[in-house]
Amino acid sequence: MDAGPRYEFYARSAPPGRARKSRPSLEVLRSMEDGLDFPGEPVAKDGDEGETEAGGSEVEPVRFGWVTGVMIRCMLNIWGVILYLRLPWITAQAGIGLTWLIILMSAVVTTITGLSISAISTNGKVKAGGTYFLISRSLGPELGGSIGLLFSFANAVAVAMHVVGFAETVRDLLLEFDAVMTDPVNDIRIVGVITVTVLLGIALAGMEWEAKAQVVFFFVIMVSFINYFVGTLIPATEEKMSKGYFSYRGDIFLENVGPAWRGEAGSFFGMFSIFFPSATGILAGANISGDLKDPAVAIPKGTLLAIFWTTLSYLAISATIGSCVVRDASGSLNDTLGAPNATEACLGLACSQGWNFTECAQAGTCEYGLANNYQTMSMVSGFSPLITAGIFAATLSSALACLVSAPKVFQCLCQDKLYPVIGFFAKGYGRNNEPLRGYMLTFVLAIAFILIAELNTIAPIISNFFLCSYALINFSCFHATITNSPGWRPSFRYFSKWSALFGAVVSVVIMFLLTWWAALIVVGIILLSLAYVSYKKPDVNWGSSVQAGTYSLALSYSVSLAHVEEHVKNFRPQCLVLTGPPSFRPALVDFVSAVTKGVSLMICGNVAGPQDTPGPSDVEEHVQWLKGRKVRAFYTLITAPELRSGARGLMQVSGLGRLKPNTLVLGYKQNWQTDSPRNLESYVAIIHDAFDGRAGVCVLRMKDGLDVSRTVRAHVNPAFEDPEAALQGKLGREAGPTGVGLKVLGADEQTETHFQAQQKRRCVDVYWLFDDGGLTLLLPYLLRRRKRWSRCRVRVFVSGEPGSAEHQRQEIQLLLRKFRLGFSEVLVLDPDPARGAWRPEESGMKAFEDLVAPFRLNEGQRDPEATAALRSAAPWKVSDEDLRVYRRKSEQQVRLHEILQENSRNAALIVMSLPVVRKGACPSALYMAWLETLSRDLRPPVVFVRGNQQDALTLYCQ
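Definitions and limits used
Residues numbered from 1 in each chain as written. Predicted model: local features only at pLDDT ≥ 70, side-chain atom pairs only at ≥ 80, totals over all residues. Heavy atoms only, no water. Patch = residues over 30% accessible without salt bridge, like charges linked within 9 Å, V, L, I, M, F, W, Y side chains within 5 Å. Areas by Shrake-Rupley, 256 points an atom, 1.4 Å probe, with all protein chains shown as cover. Salt bridge = Lys/Arg side-chain N within 4 Å of Asp/Glu carboxyl O. Lys, Arg positive; Asp, Glu negative; His and termini not counted. Charge placed at Lys NZ, Arg CZ, Asp CG, Glu CD. Helix = DSSP H or I, 4+ residues; strand = E, 2+ residues; numbered from the N terminus. Buried < 20%, exposed > 50% of the residue type's maximum accessible area, 1.4 Å probe, protein only. Pairing = 2+ DSSP bridges. Axes fitted to C-alpha atoms, helices over the stretch in contact; angles between N-to-C directions. Contact = heavy atoms within 4.5 Å. Right-handed = clockwise from strand over helix to strand, strands pointing away. Parallel < 35°, antiparallel > 145°, perpendicular 65-115°, else oblique. Left-handed = near helix turned anticlockwise from the far one by under 90°. Nonpolar A, V, L, I, M, F, W, Y, C, P; charged D, E, K, R; others polar.

What follows deals with a positive patch on the surface. A surface patch of like charges, here positive, comprises Lys597, Lys630, Lys787 and Arg788. Take Lys630: it is sitting in the loop between helix H22 (616–628) and strand E3 (634–639). A residue is classified by how much of its surface remains accessible, and Lys630, at 63% relative accessible area, is exposed.

Listed below in structure tokens is the structure:
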């Protein structure tokens, strides 16, 4: 019944060929009758309908890798009309030096955003919805919903922008060949409507055809690049010289390194505002996250490589064209030195090549050269029609990418039901769940803006939409990091919270530098959308970093937290530690502090007798001890007639709202063999009480014990027998009639324990023998986040079946990769077939039997009534029937002790699954004998852990 860890306990669907099973609950483990199986597949969670793992569906949808799905798509979106028609002109204005600075500044912003996208997209399984999905699942529905609306609209209008750019190029060709259909404006409308209709047909044909079209466009652009670079190597003809091209020359390069500002836009930020929109295509791959084979690999790899290669191409084209072409040229073959109409004085670099462009340069009438001709790349290239083809490919590929992105993002927004009315567009069709209704809406919006045929006033707003998305993505990454949530475990590690914050601030600054009024419009729309969603409070729970941040604000936000549904992504081991006075058990305090500090709640609980309630000064003393030791914890005191009732009261009333303990931590009862039976029974009952309260349990044992208290003469409470007998260790020794006895004092603030020492490259061995929801794995992960434990290597041991060790090892490794904990070393404890399943050495069993012997019931030949009476009088004792029923489990504990001695003798820490038994069925002495057998004679600390059988880890982003 107590099942070991399985992949399907955490996945929302079963792997191919395996039945879906659920983890047994605590009620099942502790209350079910023998022979009954636990329930099977649970009801699917909201939002998971139809979701299957790869290979689980009958008709596999089309999925793309990182090359075609992300890298090529992003490169095509970044390469656009600005590359072909504006980069030479920007180079003439700003010079090669400042142009490179503009390109690199843009690359810094996009690279930082790419790193943030990579981090967010690798923090769990990413579904469809692209940028909206990433932001909404990180920052919550308020900001996510508003950016979803803006981003969908921006992509729809961007379709029209790119199509109009294509139509204008076609119109110019028609004018060149005198083939105008009606008039220049209507020609743009006609060509634009026809073009967007063809693109819609490609998109409706399916993602396969759309991807193939993108590959064709990519090939055309690459050919145009090759054509351009070959053209720069071809010696200049007389016609090209008249237009300012002289092939590579050092003096031309040096002349064009510095700026030469001209016109109203002639400034650094003026050129930056013109260039930056070309860098806003890095989200094209993330926007089809639902169509990628592995978004966690494809998005980081494809996006960052796309930024790298496109940045190189921009830098290369700027440097090469600035080394070949002068800023001003007339284009007239008669403007040579010595020509009849030449001026006496010749100025400029062209003079050394025999050309005199002084007249048009001084008059400002030159039609060619970097500063005057937008078609300079076509002129330089080996075959100019290929550059025109590149312009066509760049505009059409960008339009097609936006046409696909807008419906997919909008469909995800509609499915989340954050806004009214739009739910009609949530329906998908086909094996790829294509948003056909969204395609039609995008098509209508695109045509509406194409018919305007003038988008100069709308273009800045669209750039601001993209920049706003960048700002929110970077802020999402920053916010998720500073909340320090255990659920924030991106497998992509190459990012920084401060670089993400810098990227967010820079994106906002650029928004206002480009067009301040457009930035204000975008901010206004976001605020209105945010206010609406905040007012409506949609019934969604995505485990966002806003929830994690709310948790960190503790009591000041406890009221708002009371209305936030718990989510596995934000699960934190909130610990109630039965320390007594914290200074009595510093190792127990330091262990829990290492796990919870800066992450979750820690409460040190102390149970005092009714006649020994400490005053405020005593409580303050313990609080100051915790503060001086830099332990982030609360101290709470409760008075009770006995330890169990006090511990139960602490578990019931400790905490506030969501700041409530879900894990009970206590020290191992070192003197259980010599203490009174009542205290033994109480100790084990506390563990059962914790399980009854649906809390996890953690028991820490140190080789030399936990209690470091010493005694002095003082007033004591006679309710407690001695410091080892009372789990809390409040006071020790028997008081005299006058109330004067021995008071127990603890360690000082400077006392160093094992958990404060530098562990270097030692091992933390995790024996994950039974699946408890993942708490057994989460605690070592949190411990290793501490600097002193960060270099430790974690080894995970799992129990196996004969002949299936390798298969189980691979399965657990897959599960650990999905958890993103950083653990990879898995060892399967394969029972020895020759000895029998978990059969220990005879000497080990003999030692166990000797351990249990003092607690035997010794019913002998008594009749059943006498035996029952004896058992009722001493429920902690072990009967012959108990030994028979639990024989196999006892052998397992003895064998596990042998394994621990073999494998973990030199470990820094041993973490092991705590055995669970049915309530009232197993004697306390037998249960403690198991724990004693497992942990005795071990040098490293041993931590027994058992979660509450609910997920503490998840594979998913949502």
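Further notes follow.
This part covers the sheet that holds strand E5 (residues 696–701). The 10 strands lie next to each other as E3-E2-E1-E4-E5-E12-E11-E8-E9-E10, forming an open sheet whose pairing is mixed. Sheet topology places E3 and strand E10 (825–829) at the edges, where each strand pairs with a single neighbour. Each strand axis lies, on average, 20 degrees off the axis of its neighbour in the sheet, ignoring direction. Contacts from helix H23 (residues 643–653) reach strand E1 (575–578), strand E2 (602–608), E3 and strand E4 (663–667), with the element oriented near 150 degrees to E2. Across the face of the sheet, helix H25 (residues 775–784) comes into contact with E4, E5, strand E8 (763–767), strand E9 (793–799), strand E11 (909–913) and strand E12 (942–946) while running at roughly 165 degrees to E8.

Attention now moves to unusual backbone geometry. Of note, the phi angle at Lys630 is positive, near 60 degrees, even though the residue is not glycine. You will see that Lys760, though not glycine, has its phi angle at about 55 degrees, which is positive. Along the polypeptide, Lys760 turns up in the loop between strand E7 (740–745) and E8. Here Lys760 falls in the exposed class, since its relative accessible area comes to 53%.

In regular strands, side chains alternate between the two faces of the sheet. Because side chains alternate across E1, one face comprises the buried residues Cys575 and Val577, and the other comprises Leu576 and Leu578, equally buried. Relative to E2, E1 is paired through four bridges, and the arrangement is parallel. Bridging across to E2, Cys575 finds its partner in Met602. For the segment spanning E1, helix H21 (residues 586–596) and E2, crossover handedness is right-handed. Taken together, the four bridges between E1 and E4 define a ladder with parallel strand orientation. When the bridges of E4 are listed, Leu576 appears paired with Leu664.

On to the packing of helix H3 (residues 81–121) against helix H17 (residues 497–514), then. H17 packs onto H3 with a crossing angle of 130 degrees between their chain directions and a minimal axis gap of 9 Å. In terms of orientation, H3 lies oblique with respect to H17. The two elements H3 and H17 cross, and the hand of that crossing is left-handed. Mapping the contact onto sequence places Val108, Val109, Ile112 and Ser116 in H3 and Ser499, Ala500, Phe502, Gly503, Val506, Ser507 and Ile510 in H17. By residue class, the composition of the contact of H3 with H17 is seven nonpolar, four polar and no charged.

On to the pairing of E12, then. Buried residues dominate E12, accounting for five of its five residues. With burial as the criterion, each face of E12 is covered, one bearing Val942, Phe944 and Arg946 and the other bearing Val943 and Val945. Relative to E12, E5 is paired through five bridges, and the arrangement is antiparallel. Bridged to Leu700 within E12 is Val943. In terms of strand pairing, E11 meets E12 through four bridges, oriented parallel. Residue pairing in the sheet places Ser913 in a bridge with Val945 of E12. After leaving E11, the chain enters helix H31 (residues 924–935) and then returns to the sheet as E12, a path that is right-handed.

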